[in-house]
Amino acid sequence: MILKRKYIIISGIIFVVIVGGIICSVLKHRVRYETTTVEQCTITQVVEASGTINPVNTVSVGSTVSGLIKAIYVDYNSQVKKGQLLAQIDPANFEATVQQNLAQINSAEANMARMQAVAEMSRKTYVRYKNLYAKNFIAKSELDQAESDYLSNMAQVGAAQAQINQARASYKTALTNLGYTKIIAPVDGTIISREIDLGQPVAASFQAPELFTIAQDLTKMQIEVSVSEADIGKVQEGQDVTYTLDGYPDRLFLGKVTQVRISPTTVSNVVTYSVIVGVDNKDLTLKPGMTANVSIITSEKNDVLCVPSVALKYTPATDGQKYKTQGLWILAKNRPVRVNIKTGASDDTNIEITEGVKIGDKVIIGASNQPKRGKNNTRRRGPGMF
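Just so you know, the residues in each chain are numbered from 1, in the order the chain's sequence is written. A pLDDT threshold of at least 70 governs which residues receive local features in this predicted model, and a stricter bar of 80 or more applies before side-chain atom pairs are shown or counted, although totals over entire chains, interfaces and linings include all residues. Working from all heavy atoms in the structure, the side-chain values ignore hydrogens and water.

**Student:** Explanation requested: the confidence of the model for the chain in the structure shown.
**Tutor:** Close inspection of predicted coordinates is inappropriate for parts of the model with low pLDDT. pLDDT measures how confident the predictor is about each residue, on a scale from 0 to 100. When pLDDT is averaged across the chain, the result is 86; 87% of the residues are at 70 or more. For helices the rule is a DSSP run of H or I covering at least 4 residues; for strands it is a run of E covering at least 2, with both sets numbered from the N terminus onward. Here helix H1 (residues 2-28) is the element of the chain with the lowest mean pLDDT, 58, and strand S6 (residues 85-89) is the one with the highest, 96. Only heavy atoms matter for contacts: two residues are in contact if any of them lie within 4.5 Å across the pair. Within the model, the stretch residues 370-386 combines pLDDT values under 50 with 28 contacts to residues more than four positions away or in other chains.

**Student:** What is the right way to read the packing of helix H2 (residues 92-134) against helix H3 (residues 140-180) from this model?
**Tutor:** The relative placement of two packed helices is expressed as an angle between their axes plus a distance between the axes. Where H2 contacts H3, the axes come no closer than 7 Å and their chain directions differ by 165 degrees. In terms of axis orientation, H2 runs roughly antiparallel to H3. The handedness of the crossing between H2 and H3 is left-handed. Residue type decides the class: Asp, Glu, Lys and Arg count as charged, Ala, Val, Leu, Ile, Met, Phe, Trp, Tyr, Cys and Pro as nonpolar, and the leftover types, Gly among them, as polar. Grouping the amino acids of the contact of H2 with H3 by side-chain chemistry returns 24 nonpolar, 13 polar and 9 charged. In this analysis an axis means a line fitted to C-alpha atoms, helices contributing only their contacting stretch, and an angle means the value between N-to-C directions, from 0 to 180 degrees. Note that the term roughly parallel is reserved for angles under 35 degrees, roughly antiparallel for angles over 145, roughly perpendicular for angles of 65 to 115, and oblique for everything else. Should the near helix be turned anticlockwise from the far one by less than a right angle, the crossing is termed left-handed; should it be turned clockwise, right-handed.

**Student:** Would you mind going over the nonpolar core with me for this structure?
**Tutor:** Across soluble globular proteins, you tend to see nonpolar side chains buried next to one another. Membership of the largest hydrophobic core comes to 23 residues, with the highest contact counts inside it found for Ile 223, Val 227, Tyr 243 and Ile 296. Of all the elements in the fold, those that place two or more residues in this core are strand S2 (39-55), strand S11 (220-228), strand S12 (240-245), strand S13 (248-267), strand S14 (270-280) and strand S15 (291-308). The element that contributes the greatest number of residues to this core is S11, accounting for 4 residues. Sequence-distant contacts of Tyr 243, that is, excluding residues within four places in its chain, are made with Ile 53, Ile 223, Arg 251, Leu 252, Phe 253, Leu 254, Gly 255, Val 279, Leu 286, Ala 292, Asn 293 and Val 294. Grouping buried Ala, Val, Leu, Ile, Met, Phe, Trp, Tyr and Cys residues that are joined through side-chain atoms within 4.5 Å yields what is termed a nonpolar core. The classification of residues rests on relative accessible area computed with a 1.4 Å probe and restricted to protein chains. Under 20% of the type maximum is buried, over 50% is exposed, and intermediate values are partly exposed. Counting 19 residues, the second largest nonpolar core, distinct from the first, contains Ile 69, Val 74, Ile 183 and Leu 211.

**Student:** Looking at this model, I keep getting lost on unusual backbone geometry. Mind explaining?
**Tutor:** Excluding glycine, most residues fall at negative phi; most peptide bonds, likewise, are trans. Notably, Asn 77 is not glycine yet its phi reads approximately 70 degrees, a positive angle. Within the secondary structure, Asn 77 sits in the loop between strand S4 (67-72) and strand S5 (79-80). Residue Asn 269 is not a glycine yet carries a positive backbone phi of 65 degrees. Residue position: Asn 269 is located in the loop between S13 and S14. The exposure class of Asn 269 is exposed, given its relative accessible area of 74%.

**Student:** Explain the packing of aromatic side chains here, please?
**Tutor:** Here the distance between the centres and the angle between the planes together describe a pair of aromatic rings. In this scheme Phe, Tyr and Trp rings, the latter by its six-membered ring, pair at centre separations within 6.5 Å, and the angle between planes marks the pair as stacked below 30 degrees, edge-to-face above 60, and tilted otherwise. Enumeration over the complete set of coordinates arrives at 3 aromatic pairs. Summarising the aromatic geometry, the rings of Tyr 126 and Tyr 150 are spaced 6.1 Å apart at their centres and angled 0 degrees between planes, so their arrangement reads as stacked. You can see Tyr 126 sitting in helix H2 and its partner Tyr 150 sitting in helix H3, a full 24 residues away along the chain. For the pair shown, Tyr 126 and Tyr 150 are each scored as buried. Judged by centre distance (5.3 Å) and plane angle (20 degrees), the ring pair of Tyr 243 and Phe 253 falls under stacked.

**Student:** Looking at this structure, how should I read the sheet that holds strand S10 (residues 210-215)?
**Tutor:** Sheet strands associate in pairs through backbone hydrogen bonding, adopting either a parallel or an antiparallel arrangement. Here, strands pair whenever DSSP counts at least two bridges between them. Taken in spatial order, the 4 strands line up as S3-S10-S8-S5 in an open sheet, and their pairing is antiparallel. Taken across any chain shown, the strands that pair with only one partner, and hence form the sheet edges, are strand S3 (58-62) and S5.

**Student:** What am I meant to see in the environment of Gln 79 here?
**Tutor:** Residue position: Gln 79 is located in strand S5. Here the alpha-carbon distance between Gln 79 and Ala 215, two residues 136 residues apart in the chain, equals 9.7 Å. In this structure, Gln 79 is in contact with Gln 84, Gly 189 and Thr 190, ignoring residues within four places of it in sequence.

Here it is as structure tokens:
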């Protein structure tokens, strides 16, 4: 009787061990699904690029004459008015040239007066000889000589007048060059660049050197963005733009596409096009030369059904079929069920579902075979863990 009881106890223990092993094995291989809920969201499609912030209108102020910088009256960030004196090139040589040309005018006018007197004398001689010849008091050759002298002297008067005109033109040029020694602001604005220092020589032999750069209105700026040829077809004037700046990492700025330039730029076989984005800078936060990380909003759909893009990549490990249509796996009664879908717009995170699901459906985005954890062996659950 005792032996029989021992067999019963041993058999019970073996049965419990076997059943426990089976239960553990089932729990171990139980599939746990990670899900997300179909909901409404906004799908925003963007073209991302980078560009440089610059004033809309800038004016380069140069010099057409050469010389040493004698004085500088403005500096970086100076507010200037149209006609204001910015700098002065040493005018000594130009003033001397003006005086020299003035003296040449006086000399030419004096020579003109002398030639006019000579011509008047030769005219009188010619008239007198003409009367004498009419009375046969002189030979014809003397009359001809008097006429020739008169005409020659009149030509000299014309040459003297030409010298006066030339001297006056040179004088006018000298005065103009003297005026160019004063570097004047052509517009109202702000000095954003100064390329000269006191005593520095300015050489304007081949081209006008740039001395200052004036931004006319710093409250209106623009971003010149380089967009690749693959994306330029999506960009149009009037599209909204968001951009960020490294100097203000916590702020999101807004702008608008004002121009899409059709002139291409090719660097290392990469073709890009310039897109101009107009931005407001009333608070003068933006500084010329800042690098902007730009997102051009090419399409935006509000309140559409969407799921994470990763959901389209999920397929149960036990499903080896190949499907001709696009689909999603949803969790119905704790079992994965495939549904055919149609998709629309997408962004970096979500994709629009136009047909096949409804709000509230549980879409499977992943799965694991880990057993359910107890109180002392828990983990944080994802968007939906079953």
